[in-house]
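Chain by chain, the residues:
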Amino acid sequence: MATLTPTLILNSTDATTDVLNFSVTDSLNITGDVVSLNRVALSTGDLTLLAAASYTKSYVYFKNTDSSINIQVKFGSTANILLAAGEFAFFPWDSGNNIVVASVSGTPVLEYALFEA
């Protein structure tokens, strides 16, 4: 069994009336498959990136490496996340629906990894 330690740090002096400065860390047990860091060029057509039938509960990392094109992330057929240029996401996935990705235009590159719990 492996351990994955994600940390989120949020800092700002002007986002709220108070100074924002906090950190959250977790320790996640990884007992299944690990899809190492990969990159895929997308098109405007849907690409089933992670098939629900292939995994159990997992943690997923995405980063839109493009400087101007947005990427849609869908769970099943509904667009749930829109990754703007340069944005990233790390989230738990219950593998209830396929993760499907597509570019809004052009051919941006999506960086991704999966860690099965």
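Quick look at the structure, then.

## Observations regarding the overall build of the chain
Part 1: Summing up its helical and strand segments, the chain has zero helices and 12 strands in all.
Part 2: What you see in the chain, going N to C, is helices and strands ordered as β-β-β-β-β-β-β-β-β-β-β-β.
Part 3: Taking the principal axes of the C-alpha coordinates as reference, the chain spans close to 45 × 40 × 25 Å.
Part 4: Each of the 117 residues in the chain was classed as buried or not, and the buried ones make up 32%.
Part 5: Within the chain, residue pairs in contact and separated by at least 24 positions form 72% of the contacts whose partners lie at least 6 positions apart.

## Points about the sheet that holds strand β7 (residues 58-64)
By definition, the strands of a sheet pair up through backbone hydrogen bonds, in either a parallel or an antiparallel sense.
Part 1: With antiparallel pairing, the four strands of this open sheet are ordered in space as β5-β12-β7-β10. On the outer flanks of this sheet lie β5 (34-41) and β10 (88-93), each paired with one strand and no other. Taken over all neighbouring pairs, the strand axes of this sheet differ in orientation by 15° on average, direction set aside.
Part 2: Relative to strand β12 (residues 109-116), β7 runs antiparallel, the two being bridged by seven bridges.

## A word on the nonpolar core
Part 1: Among the nonpolar cores identified, the biggest contains 20 residues, and Leu 49, Leu 50, Val 60, Phe 62, Trp 93, Ile 99 and Leu 110 are the most heavily contacted of them.
Part 2: Those elements giving two or more residues to this core turn out to be β5, β6 (47-50), β7, β8 (71-75), β10, β11 (99-103) and β12.
Part 3: Apart from residues no more than four positions distant in its own chain, Leu 49 is found in contact with Val 40, Phe 62, Ile 99, Val 100, Val 101, Leu 110 and Tyr 112.
Part 4: Among the nonpolar cores identified, the runner-up in size contains five residues, and Leu 28, Ile 30, Tyr 59 and Ala 113 belong to it.

## Concerning the sheet that holds β6
Part 1: An order of β6-β11-β8-β9 is seen for the four strands of this open sheet, with the pairing classed as antiparallel. Looking at which strands have only one partner, the edges of the open sheet turn out to be β6 and β9 (78-83). Averaged over all pairs of adjacent strands, the angle between strand axes in this sheet comes to 35°, irrespective of strand direction.
Part 2: Pairing of β8 with β9 involves five bridges; the strand directions are antiparallel. The residue bridging Phe 75 from the neighbouring strand is Thr 78, located in β9.

Definitions and cut-offs
- Residues numbered from 1 in each chain as written.
- Predicted model: local features only at pLDDT ≥ 70, side-chain atom pairs only at ≥ 80, totals over all residues.
- Heavy atoms only, no water.
- Helix = DSSP H or I, 4+ residues; strand = E, 2+ residues; numbered from the N terminus.
- Buried < 20%, exposed > 50% of the residue type's maximum accessible area, 1.4 Å probe, protein only.
- Contact = heavy atoms within 4.5 Å.
- Pairing = 2+ DSSP bridges.
- Axes fitted to C-alpha atoms, helices over the stretch in contact; angles between N-to-C directions.
- Core = buried A, V, L, I, M, F, W, Y, C linked by side-chain atoms within 4.5 Å.

Purely spatial values, then, with no claim about function.
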